[in-house]
Amino acid sequence: MPTRWFGERIPRNEDPRLLTGRGMYVDDVRRPGTLHAAFYRSPHAHARILRIATDQAKALPGVVAVVTAQDLPERIRGPLPKLIPHPALVHHKTQVALAGEVVRHVGEPIALVVAESRYIAEDALELIAVEFEVLPAAVDLEAAAKPGAPRVHADMADNIAAHHIQRAGNVEEAFAKAPHVFRERFTMDRGSSAPMETRGVVAEWDPRSHQLTVWDSTQAPIRIRNYLSDLLGLPQANVRVIAPDIGGGFGPKIMMCYPEEISIPWAAMVLERPVKWIEDRREHFVATNHERLQIHDAEIAVDADGRILGVRTTYLHDCGAYCAYGLTVPIVSGTTLPGPYKIPNYHAEYRAVFTNKTQTSPYRGAGRPHGVFVMERLMDRVARELGIDRAEVRRRNFIQPHEFPYDLGGLIYQDGVRLVYDSGNYPEVFRKTLDHIGYADWAAQKARHRREGRRVGLGFAFYVEGTGIGPYEGCRITVEPSGKVYVATSVGTQGQGHYTSFAQIVADALGTDVRDVIVTTGDSGAFGWGTGTFASRAAVVAGNAVALAAGAVRQKTLQVAATLLEARGDDLELAEGKVFVRGVPGRAVMLGQVAAAANPLRGVIPQEWEGPGLEATRYFAPPSGAFAAGCHAALIEVDTETGLIRFLRYVVVHDCGPVINPMILEGQVRGGVAQGIGNAFYEKLVYDEQGQLLTQTFMDYLLPTVAEVPAVEVDHVETPSPLNPLGIKGAGEAGVIPVPALVASALDDALSEEGVRITEMPLSPSRLREILREAQTAPTPA
Amino acid sequence: MKPAPFRYVAPRSVDETLALLAEHGAEGKILAGGQSLVPLLNMRLARPQVIVDINGIRSLAYIRRKDDHLHVGALTRQRAVEESATVRRQVPLLGEAIRFVGHPQIRTRGTVGGSLAHADPSAELPAVAAALDAELVVRSPSGERALSPGEFFAGYLTTALEPTEVLTEIRFPVLPERTGTAFVEVARRHGDFALVGVAAVVRRSDGTIAEARLAFTGVGPGPVRARGAEGRLAGSAGTSRVFADAAREAAARLDPESDIHATAQYRRDVAATLARRALELAWQRSGGRSR
Amino acid sequence: MSSDRVRATPARVPARRKRRLREPQSTMTIQFMVNGETVERTVEVRKTLADFLREDLGLTGTHLGCEHGVCGACTVLLNGEPVRSCLLFAVQAAGAAIETVESLAPGDALHPVQTAFREHHGLQCGFCTPGFLMSAVALLRDHTVPTDEQILETLGGHLCRCTGYQGIVEAVRAAARTWQR
C-alpha cells in the first residue's frame, strides 16, 4: 500500500481553528444559566478542621450555594478511587472531594462556593471562617521518611506508603567482588508541569433526560466518565465527558478524580444549573499534582575497563499527601535507570513517602529523568575516576544492535510486564550525536575557548524510554456519503497533533486527502472505550488502532466497490478519494458513493459485508511497551562570576521508529527540551518548613522563555518496533527526559578545572556559584 | 484570581486627583500603568476601596529638557522613554536601564512614576534615580516638594509618599561632558526583576575619576548608594584595579537578604562583579581608556 | 485624544462638600471599539478587560493563563500596542480601540502571520497562541524588517509550554517577509 501522507511534514488540520481564536477550551464552554464555582482551600499544611462557618458566605447576594463535606452524599464523601494498585502499595491513600475532618496539604479544598460569577464566588470565600487545630507537618522528604516524623495519615505507623524492590542478578556478589565501586547521592526537586491552561470543569445536568455532560480539561475523559458514573450512581450511557481543546497536559491532567472533577458535576446535578469551575494560576500551583522530588543514593560497580558489574540505588519518592495515582513514577525511575547499558546485576529499592504537600503523579518524563540522571552521572563518574573517555566508557557498555529483544533480567515495567527492550541501535544514535556536536574535536575547541577566558562545557546524556504501553486504545472510522472520513478515537489531545497524525494514517489507507479526514478525540460520547493520553503512548496505541480500523475500512471499501465496479477487489486501487480499477482510471467510483452503496435503503446486503456502511472499530492492545531511545548533547557556557549559563548549541538524535509527521515530532522534542531546561535551571517548587508553598505564581516559579531556550537541532535513527503494525514508538516525553543529566554533564565539563560534580537539580545561578565555591575549597578527592 | 470589590474614578487633572485622595485617604490608591498594582489586586494582596485611575491625565506624560535636567512626567510610559532619542542622548543611563524593565508589553503600560512609586527592591528605575540623584517631585494639597532619592525611598515597597500625595515629575540631571554611565544587571531570565543590578556614573578628568556614583538594586529594601566606595573613587586613577577594589568595597558593605532565588552571599558577590563591570563600562563611555 | 466617553452614573453629592468631586463608581457604562465595531456596555468596574472580552462580548480567543501579567496569553492590542488584558479593567478601555485575535482573519482566509505560524509549527495546544499573534502583529506593523533582537524581545514577553519557541520565532521571521504591509 503506497504511503503518501505517513512521514510527511504536513501542516496541521487543527491549526486554522486554533489560530483564529476559535478553539474551545473548557473556559470557552458557554451554557445558558451557568453558575461559577470557587473553592475555599486549606491555608495549612496539616490541620484538623474544628468548625466551618458558612452562613455569612451563603448570605452574600449572588451566592447560590456553599457546600462542605457534610453536604455531600456518602458516595462521594469518602476517599476517591485508587487508580493503579500495586502489591507494594500497602497504603494507597487517596484524596477526598471536600475535606471535612483533616487537611493534609496547603490547597486542599474544604468548601465549594457556587455563585453567579467567579468574582462573587471569590468574595464569598473571604466570608467563610474555618477553625483549625494546626498539626505538625511532615515537609522535608528525608525527615518525613524517618520514624517519629509527624504522620500525614493518622492511621499509619509512619509515612511510608510503599516499600518496593526490583532486582536482577545478584548485586551483593557483584559489588563484593568489584575492583571499583563509586557512590553518589542525587537529588531532583519538586516541579510542576504548569501548562498554559489550568484545569477546569464545566458540568451540566439535564434532569429530564438524566444526562450529565461534563467538559473537563483532562487527559482521560473516558475514564473520568466511568468514575463519574460509578460515584454519582449514573449509567455510563448517561454520562458524557468531553475533553475539548486542552491547553497542554503534560501528565498532571491524567490524574483522575481530582476533587473538583467530582464535586462540580455533583453540584450541577443538585442545583440543576450548569456549573463552571476554572482553576486560577495560584490554585493550580497547590491543587494540581506536582512531581519530580526524589532522592537517590546510588552506586556502581565496574571492572578496570569500566564495564558495569552492577548498579544499586535506594531512593525516596515524595508522594505528597496522597498517592491516588500509585507508584508509576518511582517504578519508572527504577526501570529506566539501566538505560542503554548491559547491567548484569541490578537493585532498585525505594520508599514512597507521604508528606504534607500537594500530591504527586506523573509529569512528562514520569520518573525517567531521575533514572537517566542517576545512570548518566554514574557513567561520567566512572569515566573520570578510571581515566576513560566518557564516550568510550558508554560504548563499552551499550547493548548492541544484534542483542534485541533484550531482557533486563526480571524487572517489571509500569505496565506490569517484564522489562524487555524490543529494538534499538544505541551505538548509532550515540555516534550521530557525538558527530553533530563535534565531540572528536572538543578538547581542542574547549582549550580555544579557555584561552579566550570562556568556560564552555560539552555534555551529553543517553536515555531509553519505555513507550506505547497498554492496556489498549480504540478507534472507529466511518466514511460518510460525502466522501469525508470521520475518525473517533479514545485518546484525548493536548497539542500533540492527533487531528493530523491520525488523519495521515487514515488518508494513506483510504487514498483520501488528509484534509478530508476529520478526527474526533477526547469525547466519551463519540468513543467509549479507552484509557487516555499519557506515557508517550497515544501515537503508538491509538495510532495503531487507527491503522487497524483504517485497514479494515479499506478492505470493506474494496469489497463494496468490487460489486459496484464489477471487478475483483485485488484489481482495485484507492487514491484521490476514489476507487478505480488499476490501469483503467475511467472505471472509478467516488469513495462517498461506495459509502452510500454500502447502506442501501432497501434490498439485501451480502453476508460477507458483516453489516452496512464503510465503518470499522478496532482496538490495539500492545503486549508490552516499545522502547524508544535518544541522546542529547549540548555546549553550555558558564559565566562563573554570575552563575548564569547559556546554551551555545543543542543537539538531539532520537529513535522512535518510523515517524508519522516529522514536523509534529520535532515540535514535541523541542517542547520537551524547553521543559527539561526548566527542570534543570529555572523551575523549583519551594516549600517552607511549615509546608507553605512559597512559589505560587509565575514570578517565583520560572518557566523558560524564548531567551532561555536554544534552537534544537534534531536528527533521527529509526529502529522499528516489532510489537505493533506501524512499527512506531512513542516520543512525547523524549525532549525532557535527559536534559537534567545533560546539563549536569556539560557543567561538570565546563567547570572541570574546579572539579565540580553536579548531583542535584534544579540549579540556579546562586546555587551554581555555591557549588563552584564548595568545589574550589574542597580537599582534592582521593 | 479576581480583585476584591472597589469603586473607581478617573480624574482629569492633578488637582482633581489630590482632592480625591484627600477625600478617600488611605482607602484610595492611584492606578497608573497597573503592571505592578493590578497583579496585587487580582491576588487580593491589595484591597483599596477606591481606585483613582490617573491614566487620563495626559498632562502628566512628557519628556522635556529644562536647564540641565530632563523633566519626565510621572505618567510617561516606559515604552516612550525606551523609544526617546532625547532620553538616549541626554540621560543615557535611563535609556539603558529601561530596556531591562520587564518586556515590551509591560512597558506599553508601565510608567516611570509608577515604577518609582511602587519601589520594588529589585526594580531598575529606583537605582537609576539614586545614581543620578534625580529629583522626585511630589504634589500634595499644600503644594509641591522635590525629594531626593534618599528621602523618597523609605523601605521595602515603601516611599515617602503620603496617601494624599501624587508623584508628578522626575527630574533627571543631564550630566556634563566626559561623564559615562552604565547599567548592568543579572536576572534569572531576560526581563525578570534583577537579582542584582548596578547603575554607575563616572565623570572623568583626564585619566582621573573626578566623581563616581554607584547605586545597587536587589540588595536591600530600596536602592543602595555605595557612598564609601564613591568617596574612594573620587580622585583615583581610572584603572581596572581601582574599579575592582571599589566594587569589592561597595559590595562588602551591602547587607542583602537571601530568598528563594539567591542567597545573600550570591548577591554580595555578584554586586561586586557587576559594580566592577559597570564602572569599567562607564569609564570607557566617559572617553577614558582602561589601564 | 478624544475625550473619555465615560458616563458616570449620577451620584448624590453631600451638601457640605466644598466642591463637586467626581464620585467613585462601582459600575459604569463604557463605550469603545472592539475589532472595528463600537461596543457599549455597563460593567462592574473591577471586571478585567480580559473577562469583559471573553464573557460580555463572547470573544473567547483571548485566553487567561495567569491573571498576573506574566504569561502573555491574554495579550490584545490597545490603540495598536500590545497590552496584558488581565492587567486592565474594562472601564479603562473607554474610548480606545481594542483588537483581539478574532480580528485577524475575519473571513475564511488566514492572516499572513497566522499562515506563517501554521507553516512553521508555531503552535501545538494553541492556548498561548492568540497572545503571541497579537504581539507579533504589533511588532510587524511597526517594523518592516524587524531584527532578531526585536523579535526575541517581543516574544520574550510570552510563555509557551508546548513548542520550545523555535517554531514561533521562525514563524515571525517568515511573516516579516511574507506579510505585505
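Residues numbered from 1 in each chain as written. Chains lettered and ligands numbered in written order. Predicted model: local features only at pLDDT ≥ 70, side-chain atom pairs only at ≥ 80, totals over all residues. Heavy atoms only, no water.

It is worth spelling out unusual backbone geometry at this point. All names here are of chain A. Geometrically, the link from Phe404 to Pro405 is a cis peptide bond, its omega value of -5° lying close to zero. The backbone phi angle of Arg292 is positive, close to 90°, even though this residue is not glycine. In this fold, Arg292 is placed in the loop between α9 (281-287) and β13 (294-302). Under the relative-accessibility criterion, Arg292 is labelled buried at 2%. (Helix = DSSP H or I, 4+ residues; strand = E, 2+ residues; numbered from the N terminus. Buried < 20%, exposed > 50% of the residue type's maximum accessible area, 1.4 Å probe, protein only.)

On to empty space enclosed by the protein, then. Residue and element names in this part refer to chain A. Counted by the stated rule, this structure contains 11 cavities of 30 Å³ or more. There is about 110 Å³ of room inside the largest cavity. Lining the largest cavity are 15 residues, with Gln95, His105, Pro259, Ala287 and Gln359 positioned closest to its centre. Residue classes in the lining of the largest cavity are distributed as six nonpolar, six polar and three charged. (1 Å grid on protein atoms, 1.4 Å probe; cavity = no way out; pocket = protein on both sides within 12 Å on 5 of 7 lines; lining within 4 Å. Points joined across faces, edges and corners; volume = space filled by probe spheres on them. Nonpolar A, V, L, I, M, F, W, Y, C, P; charged D, E, K, R; others polar.)

A separate point is the packing of aromatic side chains. Residues and elements named next belong to chain A. Applying the stated rule across the entire model yields 29 aromatic pairs over all chains. Ring centres of Phe398 and Phe430 lie 5.2 Å apart, and the angle between their planes is 80°; this geometry places the pair in the edge-to-face category. Taken together, the positions of Phe398 in the loop between α12 (390-395) and β16 (406-412) and Phe430 in helix α13 (residues 426-437) put the pair 32 residues apart, joining distant regions of the chain. Phe430 carries the same exposure label as Phe398, and that label is buried. Measuring from centroid to centroid gives 5.5 Å for Phe404 and Tyr426, while their planes differ by 80°, and the two rings are edge-to-face. Of this pair, Phe404 sits in the loop between α12 and β16 while Tyr426 sits in helix α13, and the two are 22 residues apart along the sequence. Each member of the aromatic cluster is reached from another via a ring pair, and the members are Tyr341, Phe398, Phe404, Tyr406, Tyr413, Tyr421, Tyr426, Phe430, Tyr439, Phe460, Phe462 and Phe627. Looking at Lys357, its charged tip hangs above the ring of Tyr687, at a distance of 5.6 Å from the centre. (Phe/Tyr/Trp six-rings, centres within 6.5 Å; stacked < 30°, edge-to-face > 60°. Lys NZ or Arg CZ within 6 Å of the ring centre and 35° of its normal.)

Our focus in this paragraph is the pattern of salt bridges. Taken as a whole and judged by the stated rule, the model has 109 salt bridges over all chains. A salt bridge links Lys432(A) to Asp715(A), with the shortest nitrogen-to-oxygen separation between them at 3.8 Å. Placement of Lys432(A) in helix α13 and of Asp715(A) in strand β28 (residues 713-716) is noted, with a sequence separation of 283 residues between them. With its nearest N and O atoms 2.8 Å apart, the salt bridge here joins Asp51(C) to Lys2(B). Taken together, the positions of Asp51(C) in helix α1 (residues 49-56) and Lys2(B) in the segment before β1 (7-9) put the pair across two chains. Overall, the relative accessible area of 6% leaves Lys2(B) in the buried class. (Salt bridge = Lys/Arg side-chain N within 4 Å of Asp/Glu carboxyl O.)

So, about the nonpolar core. Most often, soluble globular proteins keep nonpolar side chains buried together rather than apart. If you look at the biggest cluster of nonpolar residues, it comprises 225 residues, and the most contacted ones within it are Ile300(A), Phe698(A) and Phe117(C). No other element matches the nine residues that strand β26 (residues 626-639) of chain A contributes to this core. Mapped onto the domain boundaries, this core takes at least three residues apiece from domain 1 (2-103) and domain 2 (112-178) of chain C. Of all hydrophobic cores here, the second largest spans 52 residues; its members include Ile10(A), Val517(A), Trp609(A) and Ala616(A). (Core = buried A, V, L, I, M, F, W, Y, C linked by side-chain atoms within 4.5 Å. Domains from an automatic or database assignment.)

Okay, the interface of chain B and chain A next. On the chain A side, the residues contacting the 27 residues of chain B number 33 residues. Of the roughly 2500 Å² buried between chain B and chain A on both sides combined, carbon and sulfur atoms contribute 54%. Looking only at chain B, the three residues that lose the most surface to chain A are Met1(B), Arg188(B) and Arg189(B), adding up to 28% of its buried area. Across the salt bridge formed by Arg44(B) and Asp123(A), the nearest N and O atoms sit 2.8 Å from each other. Taken together, chain B and chain A are joined by 18 residue pairs in polar contact (both at pLDDT 80 or more). The element that contributes the greatest number of residues to the side of chain B that touches chain A is helix α12 (residues 264-285) of chain B, accounting for seven residues. Among the residues forming the side of chain B that touches chain A, the class breakdown is 13 nonpolar, five polar and nine charged. (Contact = heavy atoms within 4.5 Å. Buried area = accessible area lost by both parts, 1.4 Å probe. Polar contact = N/O pair within 3.5 Å; in protein donor to acceptor, adjacent residues only side chain to side chain.)

Before going further, it helps to examine the interface of chain A and chain C. With 52 residues of chain A at the contact, the number on the chain C side is 46 residues. Both sides together, the interface formed by chain A and chain C hides about 4100 Å², and carbon and sulfur atoms give 59% of it. By the criterion of area lost to chain C, the three top residues of chain A are Leu19(A), Tyr119(A) and Met196(A), representing 21% of everything that side buries. Between the two partners, chain A and chain C, sit 24 residue pairs in polar contact (both at pLDDT 80 or more). Listed by contribution, the elements that provide at least two residues to the side of chain A that touches chain C are α1 (15-19), α4 (118-125) and α18 (662-681) of chain A. No other element matches the eight residues that α18(A) contributes to the side of chain A that touches chain C. Its residues placed into classes, the side of chain A that touches chain C shows 25 nonpolar, 15 polar and 12 charged.

This part takes up the side chain of Asp523(A). Residue and element names in this part refer to chain A. Within the fold, Asp523 resides in the loop between β21 (517-520) and α16 (538-565). Take Asp523: its relative accessible area is 10%, and that puts it in the buried class. Residue contacts for Asp523: discarding those within four places in its chain leaves Arg240, Val241 and Ile242.

Once that is clear, we can look at the domain arrangement of chain C. Accessible area lost when the parts come together is the quantity often used to give the size of an interface. All names here are of chain C. One can read the domain layout of chain C as domain 1 (2-103) and domain 2 (112-178). Facing the 18 residues of domain 1 at the interface are 15 residues of domain 2. Across the interface of domain 1 and domain 2, roughly 1200 Å² is buried in total on both sides, 62% from carbon and sulfur atoms. Three residues stand out in domain 1 for area buried against domain 2, namely His63, Leu77 and Val101, and they jointly supply 37% of the buried area on that side. The tally of links between domain 1 and domain 2 comes to one salt bridge. Among the secondary structure elements, those contributing two or more residues to the side of domain 1 that touches domain 2 are β3 (75-78) and β4 (81-84). At three residues, β3 tops the list of elements feeding residues into the side of domain 1 that touches domain 2. Looking at side-chain class alone, the side of domain 1 that touches domain 2 contains eight nonpolar, eight polar and two charged residues.

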